[in-house]
Amino acid sequence: MLYPARSKLARLYSIAVAPHVTRRGIGPLLLAEAEAAAVRRRHRAMRLEVHEHNTRAIGRYEKSGYRLFGRLHRYYDDGGDALRFEKPLEGAKSPA
Ligand SMILES: CC(C)(COP(=O)(O)OP(=O)(O)OC[C@H]1O[C@@H](n2cnc3c(N)ncnc32)[C@H](O)[C@@H]1OP(=O)(O)O)[C@@H](O)C(=O)NCCC(=O)NCCS
């Protein structure tokens, strides 16, 4: 997580689940905890970038309530675009 100075937008810089334990709900749990941490720091939204071909991560973000709002052309070393996602954090709850 990054919390840029003088901004109410938290940024999810990196998230990963070990390959042998994907699809067990760990990704959603990590995302929820990252969002709760941002809420505790009084940030109003979370933003992130994801490679346009990273269908698994994109699916996870969409299911977790993230909305596509932009694209950065040739953002990655392989020439791929970054898709920009945002989720408002009002009402976000810390998981039990
Ligand atoms: C992106 C990433 C973090 C997602 O993590 P993940 O844990 O694999 O998340 P997934 O969405 O694939 O898996 C959740 C699925 O687990 C399943 N699941 C199994 N048990 C579960 C449980 N107890 N609770 C919740 N979901 C559970 C659900 O079916 C859920 O799928 P659904 O939302 O379609 O129902 C992970 O794929 C990853 O590390 N990728 C490589 C690194 C990467 O690309 N990072 C992002 C860069 S921007």
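Figured I'd write up the structure that's included with this text. Since the model is a prediction, treat every value here as computed from it, not as a measurement.

With that settled, the discussion passes to the pairing of strand β4 (residues 82–88). Among the seven residues in β4, five count as buried, and that is most of the element. Two strands pair when backbone bridges link them, and strand β2 (residues 45–51) and β4 are joined in this way by seven bridges, in the antiparallel orientation. Counted as the bridge partner of E49 is R84 from β4.

Residues in contact with the ligand amount to 18 residues; listed here are only the nearest, I15, V17, G27, N54 and K63. Contact between the ligand and N54: an oxygen atom at 2.8 Å from a side-chain N or O atom of the residue. Taking 950 Å² as the accessible area of the ligand by itself, protein coverage stands at 62%. If you list the elements that add at least two residues to the shell around the ligand, you get α1 (26–40), β2 and α2 (55–63). At five residues, α2 tops the list of elements feeding residues into the shell around the ligand.

A few words on the nonpolar core. In terms of nonpolar packing, the biggest core is built from 15 residues, with L12, M46, L48, V50, Y61, Y66 and F85 touching the most fellow members. Put simply, the parts of the chain that give this core at least two residues each are α1, β2, α2 and β4. Excluding residues within four positions of it along the chain, Y61 makes contact with L12, I15, L31, L48, V50 and Y66.

Read across the sheet, four strands follow the order β1-β2-β4-β3 without closing on themselves; strand pairing throughout is mixed. Single-partner strands in this sheet number two, and they are β1 (9–11) and β3 (67–72). On average, each strand axis in the sheet is tilted by 30° relative to the strand beside it, whichever way the strands run. In terms of strand pairing, β3 meets β4 through five bridges, oriented antiparallel. From the neighbouring strand, L72 faces β4, where its bridge partner is A82. Where α2 meets the sheet, its contacts fall on β2 and β4, and the angle it forms with β2 comes to roughly 160°.

Right, let's get into α1. In this model, α1 (15 residues) spans 21 Å end to end at C-alpha, consistent with the 21 Å of a helix rising 1.5 Å per residue. Where α1 is buried, its residues touch β1, β2, α2 and β4. Once α1 finishes, R42 follows within two positions and takes phi at roughly 65°, a positive value.

Turning our attention to the pattern of salt bridges. Side chains that carry opposite charge are capable of pairing whenever their charged atoms lie near each other. Using the criterion set out here, one finds seven salt bridges in the structure. A salt bridge links R47 to E86; its shortest N-O distance comes to 2.4 Å. Of the two residues, R47 sits in strand β2 while E86 sits in strand β4, which places them 39 residues apart along the sequence. Take E86: its relative accessible area is 12%, and that puts it in the buried class.

Calculation criteria
- Residues numbered from 1 in each chain as written.
- Predicted model: local features only at pLDDT ≥ 70, side-chain atom pairs only at ≥ 80, totals over all residues.
- Heavy atoms only, no water.
- Buried < 20%, exposed > 50% of the residue type's maximum accessible area, 1.4 Å probe, protein only.
- Helix = DSSP H or I, 4+ residues; strand = E, 2+ residues; numbered from the N terminus.
- Pairing = 2+ DSSP bridges.
- Near = heavy atom within 4 Å.
- Polar contact = N/O pair within 3.5 Å; in protein donor to acceptor, adjacent residues only side chain to side chain.
- Areas by Shrake-Rupley, 256 points an atom, 1.4 Å probe, with all protein chains shown as cover.
- Core = buried A, V, L, I, M, F, W, Y, C linked by side-chain atoms within 4.5 Å.
- Contact = heavy atoms within 4.5 Å.
- Axes fitted to C-alpha atoms, helices over the stretch in contact; angles between N-to-C directions.
- Expected span 1.5 Å × (residues − 1).
- Salt bridge = Lys/Arg side-chain N within 4 Å of Asp/Glu carboxyl O.

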